[in-house]
Amino acid sequence: MAHVSDLIASDIEQYLHVHQHKGLLRFITCGSVDDGKSTLIGRLLYESHMLFEDHMTALQADSRRWGTQGEEIDFALLVDGLAAEREQGITIDVAYRFFSTERRKFIVADTPGHEQYTRNMVTGASTADAAILMVDARKGILTQTRRHSYLVSLLGIRAIVVAVNKMDLVDYSEQVYRRIRDDYEAFARQIGVEAVTFIPVSAFKGDNIVSPSPHMDWYRGPTLMGYLETVEIDEDRMQAAPFRLPVQWVNRPNLDFRGYAGTLAGGVVRPGDRIRVQPSGKESTVARIVTRDGDLEQAVAGQSVTLTLADEIDISRGDMISAAREPAGTADQFETTLIWMHDEPLLPGRQYLLKLGARTVTASVTAIKYQVNVNTLEHTAAKKLELNAIGVCNISLDRPVAFDPYTDNRDTGGFILIDRLSNNTVAAGLIHFALRRSQNIHLQPVDINQEAHARLKGQRPCVLWFTGLSGAGKSTIANLVEKKLHAEGRHTYLLDGDNVRHGLNKDLGFTDADRVENIRRVGEVARLMVDAGLIVLTAFISPFRSERQMARELLNEGEFLEIFVDTPLEAAEARDPKGLYRKARRGELKNFTGIDSPYEAPEAPEVHVDTTRMTPEDAAELIVEHIRNAGYLAP
Amino acid sequence: MTLTHLQRLEAESIHIMREVAAEADNPVMLYSVGKDSAVMLHLAMKAFHPSVPPFPLLHVDTRWKFREMYAFRDRMVRELGLDLLVHINPDGVEKDINPFTHGSAIHTDIMKTEALKQALNHYGFDVAFGGARRDEEKSRAKERVFSFRTAQHRWDPKNQRPELWKLFNTRKLPGESIRVFPLSNWTELDIWQYIHLENIPIVPLYYAAMRPVVERNGTLIMVDDDRMPLNPGETPMLRSVRFRTLGCYPLTGAVESTADTLPAIIQEMLLTRTSERQGRVIDHDSAASMEKKKQEGYF
């Protein structure tokens, strides 16, 4: 197989010695099926002799069955893994391939090139040291070449090589190559990409892949393999960055040992180094670098180690240990680039989980400043981000985190967003900088708190959150409940959807994004009123589970009671007290819940009212009894 | 200072294991006693030193492993001071499922795939480490390091979470579980070199020795105990053989070899143009068979 050199047969010990000291380079290949990307990877595997006999047999059989190269071996089939993909003839995911030479081991992220697979390419690029951009010599620089260039530079890849492929089909013409190079350089300057290497190749025929092509003596640069064997590895470069260790796991085998385990995200660390723990800001000195093979004198970026400190200070998972002289920033509001990776769009105001290093916090997007058109690089206004959209957004976290700008450090400046209900990874994010206001706004402590307000009123404040379709009877029932409570001398306030939209929220419409913001504001107002000691009733359709969950989490445990006013769509539509369903059916009202916008029913409401089986009066009585039995009305 | 490829692979695997230890509710490490398991266990010992790994080992046993594998397994667990759980599918024992009467497909399905699901359900493990590598087979190349399984243990290749940088999203709903592959980016050569460099103990069956074998359909099968029925006229012959992979002895082909040291094994592997899984009888179906097995819950 690999490394067919005489050394294997003659001196295996020496061979092993050589191969134990080689480095590791990760790279990504960008291009579409037509550019010969898969063929190139197949060719690299073939040239480095990574193919076994049974692979070759399978490949020959596959080539006859699926191939597009007639009787010749179709290298592309080596890398199109899943059965579904072979049938469709496209690559739909990220596949990782391995090969090695005497100088390096290589991990190739093979990702599809079409715009609808932007997220896959971003994923592959996030860990790559280098990128190979495939250009078909017959077609030159295309829209997708520009898109790929933008993405790999956005993700911080510094080593970019443009492989001008299919040179055999343009008679190995230097003129064609030069024109493509000049076109690309003009474009690269626009997006700030520097130091690009150009190599004319034929992946299919093998020109300039491993050995210099006999057909292109006008080209004197490196072969593709030569380039990959010598280009700088990103983690080596990161040793010059300030020391960073995101704490993954606290190691406490017994009372005498407390170690902080993690992978160095930057720099070098040695015993005796002064460190700062972030975000707490406490300082100490590194005592030992502990490994199972004995203590180390130093550890460098990329190594997974366990540190002990000279002082006992409180450190937990998610904290960052940094060089005391060059600490990371700490903040809770950032400007970022988000790459949206899920079918369900980003909605500003909705809460997501944000994972950065080993820290997971709650975050929401406070503003989408603009969306970037990945083909033209134009900035456009956006209210939400759809799958594969890239936008510059401000985000706000529920507590401060330690960070570096992404351009300084990919591991302490790159984060993911996770949907709290589906648990899907929905976005990749790159931190630009902290927003200054996040350092200047502090909570003002007050003396008269919620408990004092509530005591004076002799009640336990809470929110009765009515949710259900338009016309279900939310406002009617909530109004009856408030009248009953008022008659008992309770302090209440009813926030009604239609009324709030005439004032506080009159700037909002009915798009998904505006619905989220509508509920966020109502949730915040309800929270203030609960703080004032009131029993708050809210009557809003509030169709999304996420936002009802967000409102619930603004309050303390037990202060949020979800009341599901359950009416089948047919019944609500038959009632249609405001004539809205008829308008929606005629198409005069867009985004109407139940018609062309979804309603996500509660899964476990505190009170479930079935309006087909009880009158509004009975429903109100049921709700008052529920809160009485739960102790909210105790004197 | 430039880290070597083995140092980087080691660091990545340790990072993955610590992430699981920090975020999983009830993790377990699948231990199959083979060379990849040996490397995975060695990395776990490093990841949590001076603590022992904060999870037990689970061996899904089919009752048909080589005797030397059982002896080796028990020795490793004793020496390292680890917890070992052994699960054998009781339904399979009751029906006396075995590779001879029922064939490799049924034996593997009931004693491995079903048994694994049983064990994970029984102990309520939410994350299980496995030693699979992406270079082994095509569908593995596209599988994530953190590979999600539904409550029915099914894998959905079209619905995998993106894995960016060194960030892993480990969140899941109740009943769902994750298979985690810390050796995803290692190749067979990396594994052998690392075993050599780190002096990691492996089952002696990987080294050539005189062993009793019979030849069936071009495959050398070792007669490891007297449960193996011999065909008329078949007598075990002593041959110098070794194994490139280890599994159930009736399903694992031996190769003729005199390589009895690690460098000799690596040398032989490099000079032999046959890839690793050819010794495994279960992989000889169509190209999509592994993908299908994985969707059904095979590791």
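Values in this document were obtained by computation on a predicted structure and should not be read as measured data.

With that settled, consider the overall build of chain A. The secondary structure content of chain A amounts to 20 helices and 27 strands. Counting only C-alpha atoms and orienting by the principal axes, one finds that chain A spans roughly 95 × 70 × 45 Å. Buried residues in chain A amount to 58% of all 635 residues. Considering only residue pairs separated by 6 or more positions, chain A has 72% of its internal contacts joining residues 24 or more positions apart.

Time to look at the overall build of chain B. A count of helices and strands for chain B gives 8 helices and 10 strands. Along the first, second and third principal axes, the C-alpha set of chain B runs to 60 × 50 × 40 Å. Evaluated residue by residue, chain B yields a buried proportion of 62% over its 299 residues. In chain B, once contacts between residues fewer than 6 apart in sequence are set aside, the share between residues at least 24 apart is 73%. Only carbon and sulfur atoms are counted for the fraction: they give 51% of the accessible area of chain B, which is about 11,000 Å². Charge-centre separation for chain B: the mean point of 39 positive side chains lies 3 Å from the mean point of 40 negative side chains.

Another aspect to go through is the domain arrangement of chain B. Residue and element names in this part refer to chain B. Under the domain assignment, chain B is made up of domain 1 (5–191 + 288–295) and domain 2 (203–283). Taking only C-alpha atoms into account, the centre of domain 1 sits 24 Å from that of domain 2. Sorting the residues of domain 1 by area buried against domain 2 places Trp64, Phe66 and Phe100 first, and these three jointly supply 28% of that buried surface. Our enumeration of links across domain 1 and domain 2 arrives at 2 salt bridges.

Residues and elements named next belong to chain A. Looking at where Gln371 falls in the secondary structure, it is placed in strand 18 (residues 359–372). Assessed through its relative accessible area of 22%, Gln371 is described here as partly exposed. Linking Gln371 and Thr337, residues 34 residues apart in sequence, is a C-alpha distance of 9.3 Å. Setting aside anything within four residues of it in sequence, one finds Gln371 in contact with Glu378, His379, Thr380, Ala382, Lys384, Leu385, Ala389, Ile390 and Gly391.

Let's shift gears to unusual backbone geometry. Omega for the bond connecting Gln278 of chain A with Pro279 of chain A falls within 30 degrees of zero, at 10°, which places this linkage in the cis form. Mapped onto the fold, Pro279 of chain A is located in the loop between strand 11 (274–278) and strand 12 (283–290). Cis rather than trans, the peptide bond between His49 of chain B and Pro50 of chain B has omega equal to 5°. Within the fold, Pro50 of chain B resides in the loop between helix 2 (35–48) and strand 2 (57–60). Its identity as a non-glycine residue notwithstanding, Asn208 of chain A has a phi of 60°, on the positive side. The residue Asn208 of chain A is located in the loop between strand 6 (196–200) and helix 9 (224–230) in this model. One non-glycine residue, Asn217 of chain B, lies in the positive phi region at around 50°. For Asn217 of chain B, the position within the fold is in the loop between strand 7 (209–216) and strand 8 (219–222). Residue classification places Asn217 of chain B among the exposed positions, given a relative accessible area of 81%.

Our next topic: the packing of helix 6 (residues 118–126) of chain A against helix 7 (residues 143–154) of chain A. Any two packed helices are characterised by how steeply their axes cross, that is the angle between the axes, and by the distance between the axes. All names here are of chain A. Contact geometry of helix 6 with helix 7 gives a least axis separation of 10 Å together with a crossing angle of 40°. On the basis of the axis angle, helix 6 is oblique to helix 7. For the pair helix 6 and helix 7, the sense of crossing is right-handed. Here Thr118, Met121 and Val122 of helix 6 lie close against helix 7, whose contacting residues are Arg147, His148, Leu151 and Val152. Its residues assigned to classes, the contact of helix 6 with helix 7 comprises 4 nonpolar, 2 polar and 1 charged.

The subject of this paragraph is the domain arrangement of chain A. Under the domain assignment used here, chain A contains domain 1 (6–232), domain 2 (238–323), domain 3 (330–436) and domain 4 (450–629). For domain 2 of chain A versus domain 4 of chain A, the separation of C-alpha centres amounts to 50 Å.

Residues and elements named next belong to chain B. Contact geometry of helix 6 (residues 188–198) with helix 7 (residues 262–271) gives a least axis separation of 10 Å together with a crossing angle of 165°. Classified by the interaxial angle, the pair formed by helix 6 and helix 7 is roughly antiparallel. You can see that helix 6 and helix 7 cross each other, and the crossing is left-handed. In contact with Glu188, Leu189, Trp192, Gln193, Ile195 and His196 of helix 6, helix 7 contributes Leu262, Pro263, Ile265, Ile266, Met269 and Leu270.

Bringing the sheet that holds strand 10 (residues 253–256) of chain B into the picture now. Two strands in a sheet stick together by hydrogen bonds in their backbones, pointing the same way (parallel) or opposite ways (antiparallel). Read around the closed barrel, the 4 strands follow the order 7-8-10-9 (chain B); overall the barrel is antiparallel. Adjacent strand axes in the sheet meet at a mean angle of 75°, parallel and antiparallel pairs treated alike.

The next subject is the packing of aromatic side chains. Applying the stated criterion to the full structure yields 24 aromatic pairs over all chains. With centroids separated by 5.8 Å and ring planes inclined at 75°, the aromatic side chains of Tyr184 of chain A and Phe187 of chain A adopt a geometry described as edge-to-face. Here Tyr184 of chain A pairs with Phe187 of chain A, and both are found in helix 8 (residues 174–190), just 3 residues apart, close to one helical turn. For the pair Tyr184 of chain A and Phe187 of chain A, one class covers both residues: buried. Grouping aromatic residues by their ring pairs yields a cluster made of Trp249 of chain A together with Phe48, Phe55 and Phe129 of chain B. Across the ring face of Trp64 of chain B, the terminal group of Arg227 of chain B is positioned such that the distance to the ring centre comes to 3.8 Å.

What follows covers the interface of chain A and chain B. Between chain A and chain B, the residue contacts involve 95 residues of the former and 72 residues of the latter. Both faces combined, the contact of chain A with chain B buries some 7,100 Å², and carbon together with sulfur accounts for 55% of it. Linking chain A with chain B are 11 salt bridges, by the criterion used here. Summed over the shared surface of chain A and chain B, the result is 32 residue pairs in polar contact (both at pLDDT 80 or more). No other element matches the 6 residues that helix 2 (residues 12–20) of chain A contributes to the side of chain A that touches chain B. Considering only residue class, the side of chain A that touches chain B consists of 44 nonpolar, 31 polar and 20 charged.

Scoring rules and cut-offs
- Residues numbered from 1 in each chain as written.
- Chains lettered and ligands numbered in written order.
- Predicted model: local features only at pLDDT ≥ 70, side-chain atom pairs only at ≥ 80, totals over all residues.
- Heavy atoms only, no water.
- Helix = DSSP H or I, 4+ residues; strand = E, 2+ residues; numbered from the N terminus.
- Buried < 20%, exposed > 50% of the residue type's maximum accessible area, 1.4 Å probe, protein only.
- Contact = heavy atoms within 4.5 Å.
- Areas by Shrake-Rupley, 256 points an atom, 1.4 Å probe, with all protein chains shown as cover.
- Lys, Arg positive; Asp, Glu negative; His and termini not counted.
- Charge placed at Lys NZ, Arg CZ, Asp CG, Glu CD.
- Domains from an automatic or database assignment.
- Buried area = accessible area lost by both parts, 1.4 Å probe.
- Salt bridge = Lys/Arg side-chain N within 4 Å of Asp/Glu carboxyl O.
- Axes fitted to C-alpha atoms, helices over the stretch in contact; angles between N-to-C directions.
- Parallel < 35°, antiparallel > 145°, perpendicular 65-115°, else oblique.
- Left-handed = near helix turned anticlockwise from the far one by under 90°.
- Nonpolar A, V, L, I, M, F, W, Y, C, P; charged D, E, K, R; others polar.
- Pairing = 2+ DSSP bridges.
- Phe/Tyr/Trp six-rings, centres within 6.5 Å; stacked < 30°, edge-to-face > 60°.
- Lys NZ or Arg CZ within 6 Å of the ring centre and 35° of its normal.
- Polar contact = N/O pair within 3.5 Å; in protein donor to acceptor, adjacent residues only side chain to side chain.

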